[in-house]
Amino acid sequence: MIEIFVTMLSVVIAFAAGMALVFPFFVAGVTFPRSAAGDDTKSDNSIRQDAYLQALEDLEMDFRSGKLPEAEYQASRQQLLEEAALLKLSAAVPLTPAPADAGEPIGASISGSVKSQ
Amino acid sequence: MKIDLGNFLLALAWLMSSYGFVAGVYGASRKREAASASAANAVVLMGLFSFLSLAALGTAFLSGDYRYEYVWQNSNNAMYAPYRMSAIWGGMSGSMLLWATFMALFAMVVVWRSARVPVLLMRWVVPVLAIATNFFLAVTLFLTNPFKLIPTDQIPTDGSGLNPLLQNPSMLIHPPFLYLGFTGFSVPFAFCMGALLSRQLSDNWIRLTRLSTLIAWGFLTVGIILGGHWAYIELGWGGFWAWDPVENASFLPWLTGTAFLHSVMVQQRRGMLKVWNASLAILTYALTVLGTFITRSGVVQSVHAFSNSDVGWVFLVYLAVLIVVSVVLIAWRWKDLRPEHQFESFFSRETAFLFNNLVLLAICFATAWGVLFPLVSEALSGEKSVVGPPFFNRVNVPLFIALMFLMGVGPLIAWRKASLSSLWKTFRVPFFSGSIITAIFLVLDSTRIYTAVSFGLALFVIATIEAEFRRAAKARSVITSSTPMQSGLKLFARRPQKWGGFLVHLGVAVMCIAITASMAYKVEKDFTLKTGDKLRVGNYELELLKLSDGQRRDYSILSAEVAVRRAGESKVIGTLRPEKRFYPRTQQSTTEVDIRMTMKDDLYIALAGLDMTDSEAKTMDLVGAKAAFKVFINPLQVWLWVGALVVLLGTLVVLRPLLSPLLGREVTEEEVEIVEMRARG
C-alpha cells in the first residue's frame, strides 16, 4: 500500500515539476527576472553616487575630527566633487546652471538625486 | 516498480539543475524570456527537491531505517536523536548531499530575490548557479549515493554507529556552518561569471553579492572557530589548531574570501582592482572545490574522517575545467575590466588594502603549498614528505604580523593620498602604545621577538580603533549637539558597515592576543598519579581524589576526580573530572577533557588512561591504580572565544542594513544632510 502511495506521489511530483518548466512557454507575459533595469548602467551610476556621498561624508568627518589639515581637505573635496560632476554628465542628467563655486551645487544635486531615489 | 522517494527526489533535483543550465544558456544567449523563466523555475525546483531529499535522509536516520547502507554505517539504536541527525554529515555521502542541498538553496534564494538584479546579468547567473550545483548533485547521485539500499534479506536491526569523536555538541553545528560558508561563496562566483558572460561589468555584481559574501564569510568564520573549539575540547591535545590538511582546506577560501571583502571596497570607491576582484571571487570558489578534493581524495593524510574515497579525481577535473573557463572569460573581457583610476600614492587606503590582499594571498599560497607538498614531493622524489605545524608557523607567523599591522593602518588612512602630517596625527598615539608594549615584552624576554611584536601590534590595532571611535563620537556630538556617548552608540546605527568592520578587527586583535599568549606561554606536563597523590603544575596544585569506572548508554567510562588548589594554598578552588570513554561497538575510545576556565588561563586536564600491567588490569582495582594525565595551562585562552564572539557581533552589525532591504543600502537622511550642509557652506 505504501509503495503504491510513494509511486503515485512520485508521479505527481514529476508531473508538477514538468508543468512548472513548460509553463513560461505557454503563458504570455512571463518574464525573468522581473526587473525594471535592462542593463546595469543606470544602477551603476546610483551606486557611484552613493559611494561619492559616503566619501564626502568620510572626508567631512575626518576634517572635523582633526585628522586632515584644511588644505588637504579642500583639495580632496574638490576632486571628489569634480568626479561626481563627471558622473552626473555621463548619466545624462541635466545639471543646474554652474554657480561661482561649481562644487557645492553639484554636491547638493547628487544628494538630491539620491534622496529622490 | 519500487521507487525510493529520497533517491527519486535527488534524481529530480539533478535533472532540474541539468535542465536549468541548458534552458538558462539558451535563454540568455538567444534572449528568449520564456526559456530564462523556465530555467529559473528549474533552479527553484532544484532547491526544493534537494531539500526534500535531505529531509528524507534525515527521516531515515531518525527512524533507524537500516535499509540504507549509509544509515547503517553511521548510526545505531543507542544514539541520541540529535547525534542521529548529525550523522547525516558524519560520512562522505551525507555530507555531499548536505553540500549540494545548501548550494541549491542558495541558488533558489538568489532566483527569488532577483527582482532588483539587471535582466542581462541575472539571465546568465541562473545557468551558472545551475551548473555549479549540478556537479555536486551528480557526484552525490552517481558516485556517493546515500540512498544505496542493502539487499532485503540482509537488512540489520541495528547500525554500526557514528564515530564517537563526532558525537559532540560542536559537531551538530560545525559542519553545517562550514558547508554554508563554502556553498555561500558560489553566489559571488555565479554573479562574477554572469557579469563576465553578459558583459555587465560595473560594480553591480559586487554590490548585489555583498550580502551573500558576508553571510558566507560569517558562516565560514563561525564554522572554523567551532572546529577549533571542537578540537580543543574533544581531541585532548590542548590545542585548537594543528594545521591539519582538513583545517587548512577550510582556511584557504576564508583567506581569499577575506581578501575579496576588502578589495571590493577599492573597486566600489575608486573603480580599481576589477580583474583582481573577479579573480578573487573565482579563486575563493575554486578553493572550496580544492578543499573538497583534499579532504575526499585521500591523497593527503588527515586525522579527519572523509579521506580515502575514490571521488577525489572528479573534483580535480572539475577544478581544472573551472580554472580554464574562468581564465578564458577574464581574458575575453580584459578591456572591460580596465581600472578607472591609478594608484596615486603609496600612502593611501587603496594601497593598504592591496597590501592586505597580497599578504592574505601569501598566507593562502604558503598554506596551500604546505598542504600539497606531500603530493609534490611524491611526484618529484617518489617519497611522500609531510610538512607539519613548525613549517606553517615559521612561514605564516611573520605574515600574520604584517597583516595585523595593515589591519591597524588600512581603515584609517585616507583614500587616494594621505600626507605624512595626517598620518602622524592619526597614528602617533597607537604607534607609541604598541611600541611601548613591544619594548616591555622584549625587555622581559629578548628571545621572544614575535611574541613581543604580536602583542604590540594587537594593542596598536585596538588603540587605532579606540582613537577613531573617540574622534568620530566627538565630531558627531558637535554636529548633532548630543553627548559623545550617545553619538558613539549612534555610529553603529548610522555607519554599520564601517563600525561593524571595526568590531570585527577588534575581535581579531583580541584573538591575536589570546593565540600569542597560549602559544608562547603554554605549560604542558605529562604525569601519573594514584589516589591521594599531589602534583604542582605551574601555579596550580592537583590532587587525585578518586578513580571510578561505569557504564553508560553505549559506552563504558573511566573517570578521575581531581581537586585543584592554588600552589601553596589549602583551599580547593575547583574539581575537575576528566574521562576516558570506550565504545565497544566501534572499538574506539575518546578522551573527554575537563577544563577550568578563567579570564587569566585555562587549566586543561586529559585522562590518558590507566598506568598498570595486564595482570593488574584484569582485576581492575582502581583504589591503588595509577592514572596517566596530560595537563596544560593555556594563558588567556578564553579570550580566543571572546574575540571570536566579537568578530561574530561585528559581522552581524555589518549585515544588519543589508538584510533589510535585502539588496542595496538606503542613503540615510543624515548623510544627505551633511552634504547639503556643506553645499550651503
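Residues numbered from 1 in each chain as written. Chains lettered and ligands numbered in written order. Predicted model: local features only at pLDDT ≥ 70, side-chain atom pairs only at ≥ 80, totals over all residues. Heavy atoms only, no water.

### A look at the overall build of chain A
1) Next: Of the regular secondary structure elements, chain A holds four helices and zero strands.
2) Next: The N-to-C order of helical and strand elements in chain A reads α-α-α-α.
3) Next: Burial status across chain A gives 44% buried among its 117 residues.
4) Next: At a minimum sequence separation of 6, the contacts of chain A that also span at least 24 residues come to 54%.
5) Next: Total accessible area on chain A stands at roughly 6,300 Å², and carbon and sulfur atoms take up 69% of it. (Helix = DSSP H or I, 4+ residues; strand = E, 2+ residues; numbered from the N terminus. Buried < 20%, exposed > 50% of the residue type's maximum accessible area, 1.4 Å probe, protein only. Contact = heavy atoms within 4.5 Å. Areas by Shrake-Rupley, 256 points an atom, 1.4 Å probe, with all protein chains shown as cover.)

### Details of the side chain of His-174 of chain B
1) Next: Looking at the element boundaries, His-174 of chain B is found in helix H7 (residues 169-184).
2) Next: Among all residues touching His-174 of chain B, those that are not within four sequence positions of it are Gly-223, Leu-226 and Gly-227 of chain B.

### Notes on the pattern of salt bridges
Residue and element names in this part refer to chain B.
1) Next: Summed over the entire model, instances satisfying the criterion amount to 17 salt bridges over all chains.
2) Next: Measuring nitrogen to oxygen at the nearest pair gives 3.7 Å for the salt bridge that ties Lys-148 to Glu-69. Placement of Lys-148 in the loop between helix H6 (119-143) and H7 and of Glu-69 in helix H3 (residues 69-74) is noted, with a sequence separation of 79 residues between them.
3) Next: Residues joined in a network through salt bridges with shared partners are Arg-270, Glu-344 and Glu-350. (Salt bridge = Lys/Arg side-chain N within 4 Å of Asp/Glu carboxyl O.)

### Quick word on unusual backbone geometry
Residue and element names in this part refer to chain B.
1) Next: A positive phi angle, near 55°, is found at Lys-31, a position not held by glycine.
2) Next: Counting through the fold element by element, Lys-31 comes out in the loop between helix H1 (5-30) and helix H2 (33-62).
3) Next: Accessibility expressed as a relative area gives 57% for Lys-31, which makes it exposed.
4) Next: Positive phi is not limited to glycine here, since Leu-273 has a value of about 60°.
5) Next: The residue Leu-273 is located in the loop between helix H10 (245-270) and helix H11 (274-297) in this model.

### A word on the nonpolar core
The nonpolar side chains of soluble globular proteins are, as a tendency, buried together.
1) Next: Core analysis: the biggest nonpolar cluster contains 147 residues, and Phe-49, Phe-136, Phe-191, Leu-196, Trp-205, Tyr-285 and Phe-315 of chain B have the highest contact counts within it.
2) Next: In terms of residue count, helix H5 (residues 92-112) of chain B provides more of this core than any other element does, 14 residues in total.
3) Next: The contact partners of Phe-49 of chain B, leaving out residues within four places of it in the chain, are Ile-13 and Ala-17 of chain A together with Leu-9, Leu-12, Ala-13 and Met-16 of chain B.
4) Next: One finds Ala-352, Met-404, Met-407 and Cys-512 of chain B within the second-largest nonpolar core, a separate group that totals 23 residues. (Core = buried A, V, L, I, M, F, W, Y, C linked by side-chain atoms within 4.5 Å.)

### Here we look at the packing of aromatic side chains
Residue and element names in this part refer to chain B.
1) Next: By the definition in use, this model includes 40 aromatic pairs over all chains.
2) Next: Centre to centre, the rings of Phe-135 and Phe-315 are 5.3 Å apart; their planes meet at 85°, and the pair counts as edge-to-face. Of this pair, Phe-135 sits in helix H6 while Phe-315 sits in helix H12 (residues 312-332), and the two are 180 residues apart along the sequence. Exposure class is identical for Phe-135 and Phe-315. Each is buried.
3) Next: The interplanar angle of 15° and the centroid separation of 5.9 Å between the aromatic rings of Phe-405 and Phe-460 together place this pair among those described as stacked. Placement of Phe-405 in helix H14 (residues 389-409) and of Phe-460 in helix H16 (residues 449-480) is noted, with a sequence separation of 55 residues between them.
4) Next: What makes Phe-405 partly exposed here is its relative accessible area of 41%.
5) Next: Classification of Phe-460 as buried rests on a relative accessible area of 6%.
6) Next: Three or more aromatic residues joined by ring pairs make a cluster, and in this case those are Trp-217, Trp-241, Trp-243, Phe-251, Trp-254, Phe-391, Phe-392 and Phe-400. (Phe/Tyr/Trp six-rings, centres within 6.5 Å; stacked < 30°, edge-to-face > 60°.)

### Describing the sheet that holds strand S10 (residues 626-635) of chain B
Residues and elements named next belong to chain B.
1) Next: The antiparallel open sheet is built from four strands, whose spatial order is S1-S10-S9-S8. If you trace the sheet from one side to the other, it starts and ends with strand S1 (523-530) and strand S8 (594-597), each paired once. The average angle at which neighbouring strand axes cross in this sheet is 20°, direction not considered.
2) Next: In the sheet, strand S9 (residues 601-610) pairs with S10 via nine bridges, with the strands oriented antiparallel. Looking at S10, one finds that Leu-610 is bridged to Ala-627. (Pairing = 2+ DSSP bridges. Axes fitted to C-alpha atoms, helices over the stretch in contact; angles between N-to-C directions.)

### So, the confidence of the model for chain A
Residue and element names in this part refer to chain A.
1) Next: Put simply, chain A has an average pLDDT of 70, and 60% of its residues get 70 or more.
2) Next: Helix H4 (residues 103-116) is the least confidently modelled element of chain A, averaging 42 in pLDDT, while helix H1 (residues 2-26) averages 92, the highest of any element.
3) Next: Every residue in residues 92-117 scores below 50 in pLDDT, and together they form 34 contacts with partners more than four places removed in sequence or on other chains. (pLDDT = per-residue confidence, 0-100.)

### Some remarks on the environment of Ala-60 of chain B
1) Next: Its place among the elements puts Ala-60 of chain B in helix H2.
2) Next: Each C-alpha atom, one on Ala-60 of chain B and one on Ile-88 of chain B, is 9.6 Å from the other, the two residues being 28 residues apart in sequence.

### Things to note about the pairing of strand S2 (residues 534-537) of chain B
Residue and element names in this part refer to chain B.
1) Next: The pairing of S2 with strand S3 (residues 540-551) spans four bridges and is classified as antiparallel. When the bridges of S3 are listed, Val-537 appears paired with Tyr-540.
2) Next: Hairpin connection, S2 to S3: the antiparallel pair is bridged by two residues, and Gly-538 has positive phi, about 60°.

### Focus: the confidence of the model for chain B
Residues and elements named next belong to chain B.
1) Next: Model confidence for chain B is summarised by a mean pLDDT of 89, while 93% of its residues fall at 70 or above.
2) Next: Between residues 662-667, whose pLDDT stays under 50, and residues either more than four places distant or in other chains, the model counts 18 contacts.
3) Next: The ipTM value of the predicted complex is 0.77, and its pTM value is 0.88.

### Details of the side chain of Arg-269 of chain B
1) Next: Mapped onto the secondary structure, Arg-269 of chain B falls in helix H10.
2) Next: Judged by relative accessible area, Arg-269 of chain B falls into the buried class, the value being 16%.

### Brief notes about the packing of helix H13 (residues 349-381) of chain B against H14 of chain B
All names here are of chain B.
1) Next: Running from N to C, H13 and H14 point in directions that differ by 165°, and their axes come no closer than 10 Å. By the angle between their axes, H13 is roughly antiparallel relative to H14. Seen along the crossing, H13 lies across H14 with a hand that is left-handed. Here H13 contributes Ala-352, Phe-355, Asn-356, Val-359, Leu-360, Ala-362, Ile-363, Ala-366, Thr-367, Trp-369, Gly-370 and Val-371 to the contact with H14, which in turn contributes Phe-391, Phe-392, Val-395, Asn-396, Leu-399, Phe-400, Ala-402, Leu-403 and Leu-406.
2) Next: Residue classes in the contact of H13 with H14 are distributed as 17 nonpolar, four polar and no charged. (Parallel < 35°, antiparallel > 145°, perpendicular 65-115°, else oblique. Left-handed = near helix turned anticlockwise from the far one by under 90°. Nonpolar A, V, L, I, M, F, W, Y, C, P; charged D, E, K, R; others polar.)

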